[in-house]
Amino acid sequence: MNSVMNDITNGDGEYRAILRKSDEYSGKLERIGLLVDVRQLIDQYVSEQNALGSRYGMLAYLLGFSDCKTMFLGKCLPTDTKEMITE
C-alpha cells in the first residue's frame, strides 16, 4: 500500500504544494530557536489538529459510503428475500 500511496502523492500537485509549504514553515520554526518545551507544545497542538481533521474526514467518508450503500441497496439490488431467491 505504501508504494501505491507514494505514487499517488508524488503525482498530486496539491499534495506536493502542501508539503512544500509545510517544509517552509518547519524551516522558519527551526530558525526561530524556540525552547524545547515550547516546540513540544506546538507539536502536540498541531498533532491534535491533524488528528481532528483526519477524524472529520473519516466520518465524512463513512457518511458518504453509507449513503452509497443505501442508494445501491434501495435502488439497484433486490431487498426482498423472495426476489433474491427467484433470480
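Residues numbered from 1 in each chain as written. Predicted model: local features only at pLDDT ≥ 70, side-chain atom pairs only at ≥ 80, totals over all residues. Heavy atoms only, no water.

Asker: Help me get a handle on the overall build of the protein, residues and values and all.
Answerer: Check the secondary structure of the protein and you find four helices and zero strands. Secondary structure elements of the protein occur, N-terminal to C-terminal, as α-α-α-α. Of all 87 residues assigned to the protein, the portion counted as buried reaches 2%. When the accessible surface of the protein is summed, it comes to about 8,000 Å², and 60% of that surface belongs to carbon and sulfur atoms. (Helix = DSSP H or I, 4+ residues; strand = E, 2+ residues; numbered from the N terminus. Buried < 20%, exposed > 50% of the residue type's maximum accessible area, 1.4 Å probe, protein only. Areas by Shrake-Rupley, 256 points an atom, 1.4 Å probe, with all protein chains shown as cover.)

Asker: Got a sec to walk through the packing of aromatic side chains? Specific residues and values, please.
Answerer: Counted by the stated rule, this structure contains one aromatic pair. Measuring from ring centre to ring centre gives 6.4 Å for Tyr61 and Phe65, while their planes differ by 20°; the resulting arrangement is stacked. Here Tyr61 and its partner Phe65 are both found in helix 3 (residues 36–75), four residues apart, which amounts to about one turn of the helix. On the accessibility criterion, Tyr61 (55% relative accessible area) is exposed. (Phe/Tyr/Trp six-rings, centres within 6.5 Å; stacked < 30°, edge-to-face > 60°.)

Asker: Describe the pattern of salt bridges, and please don't skip the residues or the numbers.
Answerer: Taken as a whole and judged by the stated rule, the model has three salt bridges. One salt bridge connects Glu24 with Lys21, and the closest N-O pair in it is separated by 3.9 Å. With Glu24 and Lys21 both in helix 2 (residues 13–32) and three residues apart, the pair spans about one turn of that helix. Judged by relative accessible area, which is 39%, Lys21 ranks as partly exposed. Residues Lys28 and Glu24 are paired through a salt bridge, measuring 3.6 Å at the closest nitrogen-oxygen approach. You can see Lys28 and its partner Glu24 sitting in helix 2, four residues apart, about one turn around the helix. (Salt bridge = Lys/Arg side-chain N within 4 Å of Asp/Glu carboxyl O.)

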